[in-house]
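Overview (structure and organization)
Each chain, written out:
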Amino acid sequence: MNPFEMVVLIVAITAIASIFRAKYGVVRRNKGEDYVGRPATDDAENARLRDELRALKDRVAVLERIATDNDRGLQLDREIEALRTRD
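Scope of this entry: the structure provided in the associated data block. (Residues numbered from 1 in each chain as written. Predicted model: local features only at pLDDT ≥ 70, side-chain atom pairs only at ≥ 80, totals over all residues. Heavy atoms only, no water.)

Re the packing of helix 2 (residues 43-68) against helix 3 (residues 74-86)
- At a minimum axis distance of 10 Å, the contact between helix 2 and helix 3 shows a crossing angle of 165°. Taken as axis vectors, helix 2 and helix 3 run roughly antiparallel relative to one another. In this structure, helix 2 crosses over helix 3, and the sense of that crossing is left-handed. Contacts between helix 2 and helix 3 involve Arg 59, Val 62, Leu 63, Arg 65 and Ile 66 from the former and Leu 76, Glu 79, Leu 83 and Arg 86 from the latter. (Axes fitted to C-alpha atoms, helices over the stretch in contact; angles between N-to-C directions. Helix = DSSP H or I, 4+ residues; strand = E, 2+ residues; numbered from the N terminus. Parallel < 35°, antiparallel > 145°, perpendicular 65-115°, else oblique. Left-handed = near helix turned anticlockwise from the far one by under 90°. Contact = heavy atoms within 4.5 Å.)

Given below as structure tokens:
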């Protein structure tokens, strides 16, 4: 293979790769990382996910408090019942 054929082959491979990236929506960021699709801009979805995350953090905090309490008898029963009635 002579050098001219090699250059043409490299250019062809690069062009085909660019076409596939455009077809499948792969976008190149500033630092060179690739990601597929578009960034999430749905505010309603973001708000729903934030609310869900907040609720999960609250539940984890309650469970941590239950697990680390010294008084585990009656208070543990109250906490478990509070979690059951919360849903």
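Observations regarding the environment of Asn 2
- Relative to the helices and strands, Asn 2 is located in the segment before helix 1 (3-24).
- On the accessibility criterion, Asn 2 (39% relative accessible area) is partly exposed.
- A distance of 3.1 Å separates a polar atom in the side chain of Asn 2 from the backbone nitrogen of Phe 4.
- A polar atom in the side chain of Asn 2 sits 2.8 Å from the backbone nitrogen of Glu 5. (Buried < 20%, exposed > 50% of the residue type's maximum accessible area, 1.4 Å probe, protein only. Polar contact = N/O pair within 3.5 Å; in protein donor to acceptor, adjacent residues only side chain to side chain.)

Topic: the pattern of salt bridges
- Applying the stated criterion across every chain, the model contains five salt bridges.
- Of the charged contacts, one joins Glu 45 and Arg 48 as a salt bridge, the two residues approaching to 2.8 Å between their closest N and O atoms. Taken together, the residues span about one helical turn, with Glu 45 and Arg 48 both in helix 2 at a distance of three residues.
- Classification of Glu 45 by relative accessible area gives partly exposed; the value is 35%.
- One salt bridge connects Arg 65 with Glu 79, and the closest N-O pair in it is separated by 3.3 Å. Remark: Glu 79 occurs in helix 3 and Arg 65 occurs in helix 2; sequence separation between them is 14 residues. (Salt bridge = Lys/Arg side-chain N within 4 Å of Asp/Glu carboxyl O.)

A look at the environment of Val 62
- Of note, Val 62 is situated in helix 2.
- Separated by 18 residues in the primary sequence, Val 62 and Ile 80 place their C-alpha atoms 9.6 Å from one another.
- Once you skip the residues sitting within four places of it in the chain, Val 62 turns out to touch Glu 79, Leu 83 and Arg 86.

Some remarks on a nonpolar patch on the surface
- On the surface, Met 1, Met 6, Leu 9, Ile 10 and Ile 13 cluster together into a nonpolar patch covering about 550 Å² of accessible area.
- Taking relative accessible area as the criterion, Ile 13 reaches 52% and is therefore assigned exposed. (Patch = residues over 30% accessible without salt bridge, like charges linked within 9 Å, V, L, I, M, F, W, Y side chains within 5 Å. Areas by Shrake-Rupley, 256 points an atom, 1.4 Å probe, with all protein chains shown as cover.)

These figures come from the coordinates and say nothing about function on their own.
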